[in-house]
Amino acid sequence: MSWLAALLLILALVAGCTASPTAPGPTSAGPTTAGPTGTARGSALLLAQQAADAIGGAVLSADRDTFTRWLSRADPGFTPTAAMLYDNLTGLGLLSFDITLTGQQRPLSARRQQLLGGGAWVAEALVDWRLQGDRSPAEHIVWLTFRGEQGRQLLAGSTDGDRTTAQPLWCCEPVHAARRGHATVIGSTGVALGPWLARADRAALAVARQLGGTPRLVIEVPGSQRALERMVAATPGSYRQIAALTWPDGTKAASAPLRIIVNPAQSDRLGELAVAVLLAHEATHVILASPSSPSPLWVVEGYADFVAYRAYPQASHAAAAGFLADTRSHGAPRALPGDEQFSPQAQDLDLSYAEAWFAVSYLAHLTSPAVARDFYDQLQRRYGGDLSRAMPALLGVSLADFTSGWRRYVQHQAAGR
């Protein structure tokens, strides 16, 4: 694929997006037993926490023998899954890893109860883990199956609970990891890490030249689009338009470490320049902590594109061509794009992103790139994302006047003036 075709494709796929974790789904009904109750429940919970602590310590010390001693063998199918989890976690170079049971339980299905016996039960756990360079740990809710055996509680499964919450990549499939320069890449075992490390390092430096600082990027490359959708708790097929996204890796979006998750079903179709733009866009989100921004998405996404195309100006002409052609055919957009137009399932995502990019470009045209950056910062910090208050105070124009000026700017660009 030529670089020009790749650039056009990247807009059609969406250069990237930000997203926030969704709330866990409701508990389903039907399975047979909820596990220990009363005094037995308290005792089982204490023993299960002892097992969880031992397993967490074994991961950090890379002690496979201890890890294995706390596993039940009642389900032969769990043995390879547990081995995968151990290999994945010990290969990440973790600074911390903790499993804390919350006290919540879930029913075990009749089929699983028959396999594991009456002493098996499912417990909710908060897993937190921290990579080198993370300022805070990532946090995930997982559901672990325990089985009482000879006075102990042993881990007997990791897939019996709620599957509607976001899951870390290491919980979904075999992975390997590498670090270089300003980047860490965690990828499915079939993913070549070296090229992604180089791309991430270049993206971090390219964006840092404009925004200051040098972000440490963590890029996750799952083996399939479906694995990506498990990582963000999305329904199958819902992220087919998304080439990459910046994701807060945990239950608290404001403090969770940010990851760039790549959709291999789309990114594998892109050339190197298109991938460079994609990663610069996402690196901007990381530097600016975009997932927790209260600002309208046209500002958040438009500014990320503005930075990315300034980092790679050779890509900007081809990226704008489709939008300007649409403007010549149908006229300028009537209004700035709303947040709903950036949903992964929305129609005309390419046009919404282009409209946002041109809106921020117009803002910089009215003022300067430095003022555009200050506007981005002040909008979220001082005005809580309220454009109707921020624009008169920071730019000296009303939101309505800005919108009118942006429409004229787009028309002039389309006319080649």
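This text follows the structure it describes.
Everything quoted here is computed from the prediction, not taken from an experiment. (Residues numbered from 1 in each chain as written. Predicted model: local features only at pLDDT ≥ 70, side-chain atom pairs only at ≥ 80, totals over all residues. Heavy atoms only, no water.)

Asks: How should I be thinking about the overall build of the protein chain in this particular structure?
Replies: Along the backbone of the protein chain there are 16 helices and 10 strands. Sorting the 417 residues of the protein chain into buried and exposed places 55% on the buried side. Relative to all contacts within the protein chain whose residues are 6 or more apart in sequence, the contacts with residues 24 or more apart total 68%. Accessible surface, the protein chain as shown: approximately 17300 Å² in total, 51% of it carbon and sulfur. (Helix = DSSP H or I, 4+ residues; strand = E, 2+ residues; numbered from the N terminus. Buried < 20%, exposed > 50% of the residue type's maximum accessible area, 1.4 Å probe, protein only. Contact = heavy atoms within 4.5 Å. Areas by Shrake-Rupley, 256 points an atom, 1.4 Å probe, with all protein chains shown as cover.)

Asks: When you look at the pattern of salt bridges in this model, what are you seeing that I'm missing?
Replies: Should the charged atoms of two oppositely charged side chains come close, the side chains can pair. Inspection of every chain in the model, using the stated rule, returns 11 salt bridges. Taking the shortest distance from any N to any O, the salt bridge between Arg-259 and Asp-134 comes out at 2.9 Å. Residue Arg-259 is located in strand β10 (residues 258–262), and its partner Asp-134 is located in the loop between β3 (120–130) and β4 (138–149); the two are separated by 125 residues in the primary sequence. Between Arg-389 and Asp-386 there is a salt bridge, and its shortest N-O distance comes to 3.3 Å. (Salt bridge = Lys/Arg side-chain N within 4 Å of Asp/Glu carboxyl O.)

Asks: Explain helix α15 (residues 387–395) here, please?
Replies: Three- or four-residue spacings in an α-helix give side chains the same orientation, since the helix completes a turn every 3.6 residues. Listed as buried for α15 are Leu-387, Ala-390, Met-391 and Leu-395. The arc enclosing the buried residues of α15, seen along the axis, measures out at 100°, which places them on a common side. Those residues of α15 hidden inside the fold are in contact with α11 (297–311), α13 (349–366), α14 (369–381) and α16 (399–414). (Arc of directions from axis to C-beta.)

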